Every structure is written in structure tokens, then in C-alpha cells.
Amino acid sequence: MKFSTQVKPISYLKSHAAEIIKDITENREPMLITQNGEAKLVVMDVKSFEEQEETLALLKILALGNREIERGKFRDAEDVFAEMDEDDR
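A quick note: this is a predicted structure, and the numbers were derived from the prediction, not measured.

Caption draft 1: The overall build of the protein chain, seen in detail. Along its length, the protein chain carries four helices and three strands. Along the protein chain, from the amino end to the carboxyl end, the secondary structure elements read β-α-α-β-β-α-α. Rg of the C-alpha trace for the protein chain: 23 Å, well past the compact-globule value of 12 Å for 89 residues, more than 25% over. A principal-axis box enclosing the C-alpha atoms of the protein chain has dimensions of 70 × 30 × 15 Å. With 89 residues in all, the protein chain has 11% of them scored as buried. For the protein chain, long-range pairs separated by at least 24 residues make up 34% of all intrachain contacts whose partners lie at least 6 apart in sequence. Of the roughly 7,500 Å² of accessible surface on the protein chain, a fraction of 54% belongs to carbon and sulfur atoms.

Take a look at the structure:
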């Protein structure tokens, strides 16, 4: 994601809100809003936000799994499947 093409001052946001919503929804490119020359917020469409949240959740799960593996807290898949087969009997 390149913010360089989607940087606008807050005054632009105030005067072009409907247009910004339409553009961001159609293009799915976030917009960086500045105030007094400093980056202050990012505006993005809901679908992109939800996808980003799902991605972050998956990354957290992977990180937790990796920590468990590093601590030696895991079982071989063969052992788990063998135990499941025994439970089915």
C-alpha cells in the first residue's frame, strides 16, 4: 500500500467527504489525512479493514503456536490421530 498517491489535508476531507467515500470504496485504497503537515489518520473502506483484522488475528494465532513449539509444548500429529482413533472405538 502506497500512501504517497493518497495523501490529503484534513480540509480536503472536510469538503470532499462523499467523493472520498466513493473513491475509497471503489478503489479499496486507503487515504492518509494530514493536519498541519503531519500524518494524523488513515481512512479505509470497511471491507479492507475487516480483511486486515482477520489477517492480524491469524498472525497472532501463528505467533502463539510458534511460541508453544519453541517451549516444547506440542505433540506429534501421529500421536494425536492415534489417540483419536482409540477414542472412536
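Caption draft 2: Main features of the packing of aromatic side chains. A full pass over the atoms with the stated rule returns zero aromatic pairs. Over the face of the ring belonging to Tyr 12 we find Lys 8, whose NZ or CZ atom lies 5.0 Å from the ring centre.

Caption draft 3: Expanded view of the pairing of strand β2 (residues 31-35). Most of β2 sits inside the fold, with four of its five residues counted as buried. Looking at chain direction, β2 and strand β3 (residues 38-43) are connected through five bridges and run antiparallel. Bridging across to β3, Ile 33 finds its partner in Leu 41. Here β2 hands over to β3 after two residues, with Asn 36 in that stretch at a positive phi of 55°.

Caption draft 4: Main features of unusual backbone geometry. Here Arg 28, not a glycine, exhibits a phi torsion of approximately 55°, which is positive. Relative to the elements of secondary structure, Arg 28 occurs in the loop between α2 (17-27) and β2. Residue Asn 36 is not a glycine yet carries a positive backbone phi of 55°. By the element assignment, Asn 36 lies in the loop between β2 and β3.

Caption draft 5: Representation of the pattern of salt bridges. Here the structure, examined in full by the defined rule, presents six salt bridges. A salt bridge links Arg 28 to Asp 45, with the nearest nitrogen and oxygen atoms 3.5 Å apart. Taken together, the residues Arg 28 in the loop between α2 and β2 and Asp 45 in the loop between β3 and α3 (46-70) connect sequence positions 17 residues apart. Arg 28 gets classed as partly exposed once you look at its relative accessible area, which sits at 32%. On the basis of relative accessible area, Asp 45 is assigned to the buried category, the value being 9%. Close ionic contact of Glu 38 with Lys 40 constitutes a salt bridge, the shortest N to O distance being 3.9 Å. Overall, Lys 40 belongs to the partly exposed group, its relative accessible area being 49%.

Parameters at a glance
Residues numbered from 1 in each chain as written. Predicted model: local features only at pLDDT ≥ 70, side-chain atom pairs only at ≥ 80, totals over all residues. Heavy atoms only, no water. Helix = DSSP H or I, 4+ residues; strand = E, 2+ residues; numbered from the N terminus. Rg over C-alpha atoms; globule rule 2.2 N^0.38 Å. Buried < 20%, exposed > 50% of the residue type's maximum accessible area, 1.4 Å probe, protein only. Contact = heavy atoms within 4.5 Å. Areas by Shrake-Rupley, 256 points an atom, 1.4 Å probe, with all protein chains shown as cover. Phe/Tyr/Trp six-rings, centres within 6.5 Å; stacked < 30°, edge-to-face > 60°. Lys NZ or Arg CZ within 6 Å of the ring centre and 35° of its normal. Pairing = 2+ DSSP bridges. Salt bridge = Lys/Arg side-chain N within 4 Å of Asp/Glu carboxyl O.

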